[in-house]
Amino acid sequence: MFIWMIALFLLLALGAAGYYQGALRAGFTLVGLIVAALLAVPLSGVFKAILGIFNLEHPVVLSFIAPVAAFIVLLICFKAGGLATHRQVDTYFKYKASDTLRLLYDRMNARVGAVVGVLNAFVYFILLSIVIYVLGYFAMQVRTGDKDPFVIRVASRLADDLKETKMDKAVAAFLPKSPLYYDGVDVVATIFLNPLIQSRLSTYPVFLLLSEKSEYKQLGNSAAFMDFWTKAPSLEEFRSHELVKPLVESTETYKTLMGMLNNDLKDLKTYLETGKSPKYDEELILGRWEFDGAQSFALAKKRITNPTAQQLKRLRVVYGTVFKDATLIATVDNQVIFKLPKVPNAKGTRTGTWEQAKGGGYTLAMVDGGPTYKVEALVEGRKLTFSQDNFALVFER
């Protein structure tokens, strides 16, 4: 297995390096490895600011590069300190101590250095196993086969070896405790490997308004893109697609989406997997609602006592023209957007707010180019109903 080959290589290489470098340099390296590993994540915020000077701004990129940069810089500092100390001690034994004492020191320094080098190999192996686990988790989730990039194939293979050798359990206690990363990988993999999931993604309460933006409309309306997606492209092919690449590489897009999610992906992950949102399902009004003309007409007819033919004709005209294809969107920030596609210009879109009313219903405060007016709404199952006097509107989710 590759994982044991790596372990053997580290053992032999660093054991030999410790023998020739000596106990002091190897000891400084050992302490540096431990200190750097402990401080890499806490100091990553400082290095994110430094890396920002070099135009590295994407939070995902920084979350990986910053801890690595902090680790390398700290380790270099300890190695430099070890080299400086080694030179001073070596100069003393070479020019001021007796030959016997110098020979004894050289023998001790080399042999103890070999032992410390083996300890360094153990620490390096643990740290490398942590990196393999973290990167391999992503690679194993998104791998599709032989078309995968070399890095994905290598990372997934090493992650498989890590699992088969039980090293994943050995390093579990040292893994970064970041649910956001693992939930994020699960969400990305679910979307990437399931093209049909995009319809569910568009109905997630937090993302209801995204489908109104041009960049996301293109994704949903492009038959060529959907055909490409259903042919199981590799991750590199997918992220390089002309419609996907701008979204993936945009720092603002990432920050906007994570801000909308409040940096919490657990609920989105559950929704994509089950179609249920533990966080938002209790708020029944949330979602995109489509106008149902037939049910609206039937309900309005019941509310009219002895309806005349003229009244019924007027209702049919109104429902078949003004309200045809109407939609209502209720968002998580208590906003309501009511769209009437058949009404020209900006008058076809009306906005407002919603709030819970007594008795389990909802009160909608709508703005219609003038004073705000309130209407009562009732949600029953997949049906949203407005009724007042001789008029009624029924929407279905």
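Our subject in this report is the structure included herewith.

**Overview of the pairing of strand 7 (residues 383-388)**
Consideration 1: Alignment of strand 6 (residues 372-380) against strand 7, held across four bridges, turns out to be antiparallel. Bridging from a neighbouring strand, Leu378 pairs with Thr385 of strand 7.
Consideration 2: Taken together, strand 6 and the strand that follows it, strand 7, pair antiparallel across an intervening segment of two residues, in which Gly381 is found at a positive phi of about 65 degrees.
Consideration 3: Inspection of the sheet shows strand 7 paired to strand 8 (residues 391-396) by six bridges, in the antiparallel sense. Bridging from a neighbouring strand, Thr385 pairs with Val394 of strand 8.

**A closer look at the pattern of salt bridges**
Consideration 1: Applying the stated rule across the entire model yields ten salt bridges.
Consideration 2: Across the pair Asp106 and Arg102 runs a salt bridge, and its minimum N-O distance is 3.6 Å. Highlighted residues: Asp106 and Arg102, both in helix 5 (residues 99-142), separated by four residues, approximately one helical turn.
Consideration 3: Classification of Asp106 by relative accessible area gives partly exposed; the value is 30%.

**Description of the side chain of Ser234**
Consideration 1: For Ser234, the position within the fold is in the loop between helix 11 (223-230) and helix 12 (235-239).
Consideration 2: Among the residues examined, Ser234 registers a relative accessible area of 2% and is labelled buried.

**Digging into the packing of aromatic side chains**
Centre distance and the angle of the planes are the two values used to describe a pair of aromatic rings.
Consideration 1: As enumerated under the stated definition, the model contains 25 aromatic pairs in all.
Consideration 2: Aromatic side chains Phe64 and Tyr181 sit 5.9 Å apart centroid to centroid with 75 degrees between the ring planes, which places their arrangement in the edge-to-face category. Residue Phe64 is located in helix 4 (residues 59-95), and its partner Tyr181 is located in helix 8 (residues 179-193); the two are separated by 117 residues in the primary sequence.
Consideration 3: Relative to Tyr362, the ring of Trp354 lies with its centre 5.7 Å away and its plane at 80 degrees, an arrangement referred to as edge-to-face. Taken as a pair, Trp354 and Tyr362 share a single burial class, namely buried.
Consideration 4: Site record: aromatic cluster; members linked through ring pairs are Phe291, Tyr319, Phe323, Phe338, Phe386, Phe391 and Phe395.

**Side note on the sheet that holds strand 6**
Consideration 1: One closed barrel accounts for eight strands, arranged 1-2-3-4-5-6-7-8; its pairing is antiparallel. Neighbouring strand axes in the sheet, compared pairwise and without regard to direction, differ in orientation by 30 degrees on average.
Consideration 2: Both strand 1 (residues 287-291) and strand 2 (residues 327-330) contribute to a ladder of four bridges, which runs antiparallel. Bridge assignment links Glu290 to a residue of strand 2, and that residue is Thr327.
Consideration 3: Against the sheet, helix 16 (residues 293-303) makes contact with strand 1, strand 7 and strand 8, and its axis sits at roughly 150 degrees relative to strand 8, the strand it touches most.
Consideration 4: Lying over the sheet, helix 17 (residues 309-320) contacts strand 1 and strand 8, oriented at roughly 35 degrees with respect to strand 8.

**Structural notes on the side chain of Asn109**
Consideration 1: Mapped onto the elements, Asn109 comes out in helix 5.
Consideration 2: Note on Asn109: relative accessible area 7%, which makes it buried.
Consideration 3: A polar contact of 2.7 Å, which involves the side chain of Asn109, links it to the backbone nitrogen of Ala23.
Consideration 4: Once residues lying within four places of it in the same chain are set aside, the contact partners of Asn109 are Gln21, Gly22, Ala23, Leu24 and His86.

**Notes on the packing of helix 5 against helix 6 (residues 150-164)**
Consideration 1: Here helix 5 crosses helix 6 at 115 degrees, and the two axes come no closer than 7 Å. At the point where helix 5 passes helix 6, the crossing takes the left-handed sense. Note on element contacts: helix 6 touches helix 5 through Ile152, Ala155, Ser156, Leu158, Ala159, Asp160 and Leu162, opposite Ser129, Ile132, Tyr133, Leu135, Gly136, Phe138, Ala139, Met140 and Val142.
Consideration 2: Residues belonging to the contact of helix 5 with helix 6 are distributed by class as follows: twelve nonpolar, three polar and one charged.

**Regarding the packing of helix 5 against helix 8**
Consideration 1: The geometry of helix 5 relative to helix 8 is characterised by a closest axis approach of 9 Å and an angle of 20 degrees between their N-to-C directions. One way to sum up the angle between helix 5 and helix 8 is to call them roughly parallel. The element helix 5 and its partner helix 8 pack so that their crossing is right-handed. Within the contact between the two elements, helix 5 uses Tyr133, Val134, Leu135, Tyr137, Phe138, Gln141 and Val142 and helix 8 uses Tyr181, Tyr182, Val185, Asp186, Val188, Ala189, Phe192 and Leu193.

Cut-offs used in this document
- Residues numbered from 1 in each chain as written.
- Predicted model: local features only at pLDDT ≥ 70, side-chain atom pairs only at ≥ 80, totals over all residues.
- Heavy atoms only, no water.
- Pairing = 2+ DSSP bridges.
- Helix = DSSP H or I, 4+ residues; strand = E, 2+ residues; numbered from the N terminus.
- Salt bridge = Lys/Arg side-chain N within 4 Å of Asp/Glu carboxyl O.
- Buried < 20%, exposed > 50% of the residue type's maximum accessible area, 1.4 Å probe, protein only.
- Phe/Tyr/Trp six-rings, centres within 6.5 Å; stacked < 30°, edge-to-face > 60°.
- Axes fitted to C-alpha atoms, helices over the stretch in contact; angles between N-to-C directions.
- Contact = heavy atoms within 4.5 Å.
- Polar contact = N/O pair within 3.5 Å; in protein donor to acceptor, adjacent residues only side chain to side chain.
- Left-handed = near helix turned anticlockwise from the far one by under 90°.
- Nonpolar A, V, L, I, M, F, W, Y, C, P; charged D, E, K, R; others polar.
- Parallel < 35°, antiparallel > 145°, perpendicular 65-115°, else oblique.

These figures capture arrangement, not role.
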